[in-house]
Amino acid sequence: INEYMDMRLTGDIYTRGSHGVRINTTYRKRYGYSGNVLLGYSNNIRDNDADGSKLSAKSFSINVSHRQDSKAHPYRNLGGSINIQTNRYDQRTFENPTAALNNTYSSNFTLSHDMPGTPFRFNAEFRHSQNTQTRVMDITLPNMSLRMNTIYPFKRKNSTKEVWSDNVALTYSSEFRNFVKTTDTTLFTQQTLKDIQTGLQQRASISTNMRLFTYINLSPSINYDETWLLKKYNLTFNPDSVIREAVTRDTLGFKSPEESFTSGFYAHRNYTAAISLNTQRFFTKKWSKGFVRGIRHVAKPNLSFYYQPGNKERYEAIVNTDTRAQFNNPRTYSIFTNSPFGTLQGFEEQMGISYGITNIFEAKHWSKKDSTEKIIRLFDNISVNGTYNFVADSFKFSDVFVSGNTTVLKGLSNCNFRATFSPYVY
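Remember, predicted model here, so these are calculated numbers, not experimental data.

### Brief notes about a nonpolar patch on the surface
Move 1: A surface patch of nonpolar side chains, amounting to about 1,000 Å² of accessible area, comprises Ile1, Tyr4, Met5, Met7, Leu9, Val21, Ile23, Leu39, Phe60, Ile62 and Phe188.
Move 2: Mapped onto the nonpolar patch, the elements with two or more residues apiece are strand S1 (5-13), strand S2 (19-29) and strand S4 (54-68).
Move 3: Ranked by residue count, the leading element in the nonpolar patch is S1, at three residues.
Move 4: Mapped onto the elements, isoleucine 62 comes out in strand S4.
Move 5: Overall, isoleucine 62 belongs to the partly exposed group, its relative accessible area being 30%.

### Regarding the nonpolar core
Move 1: Residues Val64, Ile82, Ile84, Phe109, Phe126, Met137, Ile139, Val180 and Leu187 constitute the largest nonpolar core, which totals nine residues.
Move 2: Elements represented by at least two residues in this core include exactly strand S5 (76-85) and strand S8 (136-151).
Move 3: Leu229, Tyr315, Ile335 and Phe336 belong to the second-largest nonpolar core, a separate cluster that totals seven residues.

### Let's talk about the pairing of S1
Move 1: Taken together, the nine bridges between S1 and S2 define a ladder with antiparallel strand orientation. The partner of glycine 11 across the bridge, within S2, is valine 21.
Move 2: Hairpin connection, S1 to S2: the antiparallel pair is bridged by five residues, and glycine 17 has positive phi, about 115 degrees.

Reading the values: the criteria
- Residues numbered from 1 in each chain as written.
- Predicted model: local features only at pLDDT ≥ 70, side-chain atom pairs only at ≥ 80, totals over all residues.
- Heavy atoms only, no water.
- Patch = residues over 30% accessible without salt bridge, like charges linked within 9 Å, V, L, I, M, F, W, Y side chains within 5 Å.
- Areas by Shrake-Rupley, 256 points an atom, 1.4 Å probe, with all protein chains shown as cover.
- Salt bridge = Lys/Arg side-chain N within 4 Å of Asp/Glu carboxyl O.
- Helix = DSSP H or I, 4+ residues; strand = E, 2+ residues; numbered from the N terminus.
- Buried < 20%, exposed > 50% of the residue type's maximum accessible area, 1.4 Å probe, protein only.
- Core = buried A, V, L, I, M, F, W, Y, C linked by side-chain atoms within 4.5 Å.
- Pairing = 2+ DSSP bridges.

Structure below.
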């Protein structure tokens, strides 16, 4: 075509009517980009074993590979690969073992864009995966995300004294996703467009840390996420869908509830809040004589409070499975099942305290060999941890977990130990 691009056109034709055509284009620009595009169409015609009529099996192939040179642009990149087959194109077109045995195909084509002078980064992706045995295809187009690096909105410039507001950190990310699950025989149909799931997910967090009474580190944080969806998942029980025994006509049960989606605007929201305190204390005892000249204990206690509101009932629904009370087993399901971001669940209310302390023990001894004091570690990281759940019906205290480790034989071996204590068992 020109000095940067060529094209090759090939085709197949058979006396019984089967035919196909392929367009293969390769391009390359030095210090810019390179890649190739291969488009294929095939119409495989065979006889119907029942009545001898002609059967047509049309299939398509889309293969794209694009690579951008690292010198092409300082903050923008476009590249990836696309490999889509419909109706088993490779198996029907190419008579070779590789094409016949390859059962999975996938695509990942990405545009990434850093925004100079801002903390934001933008990504747009096309993702696809398919299995030629099950004929199932998962397609995400587009998958766009906007991510922000951690910023400190209240940090003062040219300040010589730090205050707590300087450490307030804010993060944010959002993702827009179009997702559809279809088959390779219905990809280019109206039904595929009807089955598309669309959603936008946003997440933000704010946190800081400060000194409390000189020795205590205080770290509060709040996390919030919200998902907007255009469809809601439904399960509907049909009381007329009776399954009967073929001869006696006795009722054996009912068919499973039918799946469907309701269009509209729906939101899933959740947030968590936490505050933690930690410090570090040193305890030392020294002696001027004897083999043991000193013992040092480093204690690192921590205490955290966390809260998450309950929203489980808001995002759940119940469907019956039988008209007979003695056989009915109602099913609870999420109304956001099979969303573009997976199944979104609600949460039970959570509020509690987690506590712990880590201890380090060191000793200083007198070495007669070189007349100096030497430090040895007696125990490393002896930890005690547990939680208390305010909203639990009973047994609010969790088990208490103890663990630690040390070295023996001058570091030739490690000794680890664990123990669990229950506050409710004597």
